[in-house]
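Notes for the structure review
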Amino acid sequence: MSSAAAKPILYSYFRSSCSWRVRIALALKGIAYDVVPVNLLKDGGQQLAIIHYLEDTCPNPRLLPQDLKKRAQVRMIADHIVSGIQPLQNLSVLKQMGEKKMEWAQNCIASGFQALEQTLEHTAGRYCVGDEVSMADLCLVPQVFNAERFKVDMGPYPTITRINKALLELEAFKVSHPSLQPDTPAELRA
Amino acid sequence: PILYSYFRSSCSWRVRIALALKGIAYDVVPVNLLKDGGQQFSAEFKAVNPMQQVPALKIDGITLSQSLAIIHYLEDTCPNPRLLPQDLKKRAQVRMIADHIVSGIQPLQNLSVLKQMGEKKMEWAQNCIASGFQALEQTLEHTAGRYCVGDEVSMADLCLVPQVFNAERFKVDMGPYPTITRINKALLELEAFKVSHPSLQPDTPAELRA
């Protein structure tokens, strides 16, 4: 006789882009969860594993296309953000950069977004790959939020900007937003 | 298929292992990350991969970058031998370990970051790897059998071996990581991990050849 499954617990920091990706996935899948706020999340970069697990166990709505080539493009974009951009501007690296911190973060993001903008020109429909929300979109929005925090000029990235705007109109991206979390400081609340 | 690869790039090695395990023949186009200011920055290569990084794989009419995205595509299109367990929780553990290495360790000690560290380069790389391996060793104590997760080779193992190679290059003391060391040794006995080794690539410099 099995007991009722416990509600999942998400250890989350309101402003962590990594936490936000997982919150979006949970919201899209309609999975209720409890939050344990963690101040200064130790980022091991494992959120895609979590999102894949949610995808495997809760297949609707789908976060990966059925077409295998499009699926690869989704993963490529997600991985580019999660391995190629975000780790370079995370807390431990920034600490090392001292005064050059802002400049370094801006360069990492700008360089990563330049490549991403080119890729999206080929893959994007309404969203990053075609017209369905995918793992790539879950990674994009938090990274644009980071870009804005570091005052990156978004002028050169019209496709990223357009897609980000379209995604932020969706409920799952709104309820999971850093400004609306249990641990969001009062002065940053929506 | 055409693989854009650098002999010593750990990311390229992951994909070389996957191709070898799946028995997929391919051609190599070497991209030297150090020569000519870094051949990955050439206009020619930018057209192949806007992210200007290796590996990139041209296969089935598309070009893919990002090692795990490539490996997942190979897994989806060429399911044998399997690189992900059927059990979904074990599958998640494989991905967690792979993600930890691919996003949590390697990017912090890659070329572009090390360039910024100047004299502190070696120390920085050692700290990143040691810190990442400390966490990994703890995880593996729960998940490992003969390999990272149970007794079947998985995506986690493809990520582990190249990262240990990097650790050795940066003279990280492997003493505190007996599980990582044991698994690495077991994997290096497998053919796919040998033929794909940095010492045996078309672009391996003569002095580093096996």
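A brief report on the enclosed structure follows. Small disclaimer: the values here were computed from a predicted structure and weren't measured.

**What about the overall build of chain B?**
- When helices and strands are counted, chain B shows 9 helices and 4 strands.
- Reading chain B from its N end, one meets helices and strands in the order β-α-β-α-β-β-α-α-α-α-α-α-α.
- For 210 residues, the compact-globule estimate of 2.2 N^0.38 gives 17 Å, and chain B sits close to it at 17 Å.
- Principal-axis analysis of the C-alpha atoms gives chain B an extent of 45 × 45 × 30 Å.
- Looking at chain B as a whole, 55% of its 210 residues are labelled buried.
- Contacts spanning at least 24 positions in sequence make up 65% of the contacts within chain B whose residues lie at least 6 apart.
- Taken as a whole, chain B presents about 9100 Å² of accessible surface, with 51% of it coming from carbon and sulfur.

**Structural notes on the interface of chain B and chain A**
- Between chain B and chain A, the residue contacts involve 35 residues of the former and 34 residues of the latter.
- At the boundary of chain B with chain A, the tally comes to 4 salt bridges.
- Close ionic contact of Asp56(A) with Arg95(B) constitutes a salt bridge, the shortest N to O distance being 3.2 Å.
- Linking chain B with chain A are 7 residue pairs in polar contact (both at pLDDT 80 or more).
- Going through the elements one at a time, β4 (62–65), α3 (67–77), α4 (88–105), α5 (111–117) and α6 (121–143) of chain B are the ones with two or more residues in the side of chain B that touches chain A.
- The biggest single contributor to the side of chain B that touches chain A is α4(B), with 11 residues.
- Its residues placed into classes, the side of chain B that touches chain A shows 16 nonpolar, 11 polar and 8 charged.

Reading the values: rules and limits
- Residues numbered from 1 in each chain as written.
- Chains lettered and ligands numbered in written order.
- Predicted model: local features only at pLDDT ≥ 70, side-chain atom pairs only at ≥ 80, totals over all residues.
- Heavy atoms only, no water.
- Helix = DSSP H or I, 4+ residues; strand = E, 2+ residues; numbered from the N terminus.
- Rg over C-alpha atoms; globule rule 2.2 N^0.38 Å.
- Buried < 20%, exposed > 50% of the residue type's maximum accessible area, 1.4 Å probe, protein only.
- Contact = heavy atoms within 4.5 Å.
- Areas by Shrake-Rupley, 256 points an atom, 1.4 Å probe, with all protein chains shown as cover.
- Salt bridge = Lys/Arg side-chain N within 4 Å of Asp/Glu carboxyl O.
- Polar contact = N/O pair within 3.5 Å; in protein donor to acceptor, adjacent residues only side chain to side chain.
- Nonpolar A, V, L, I, M, F, W, Y, C, P; charged D, E, K, R; others polar.

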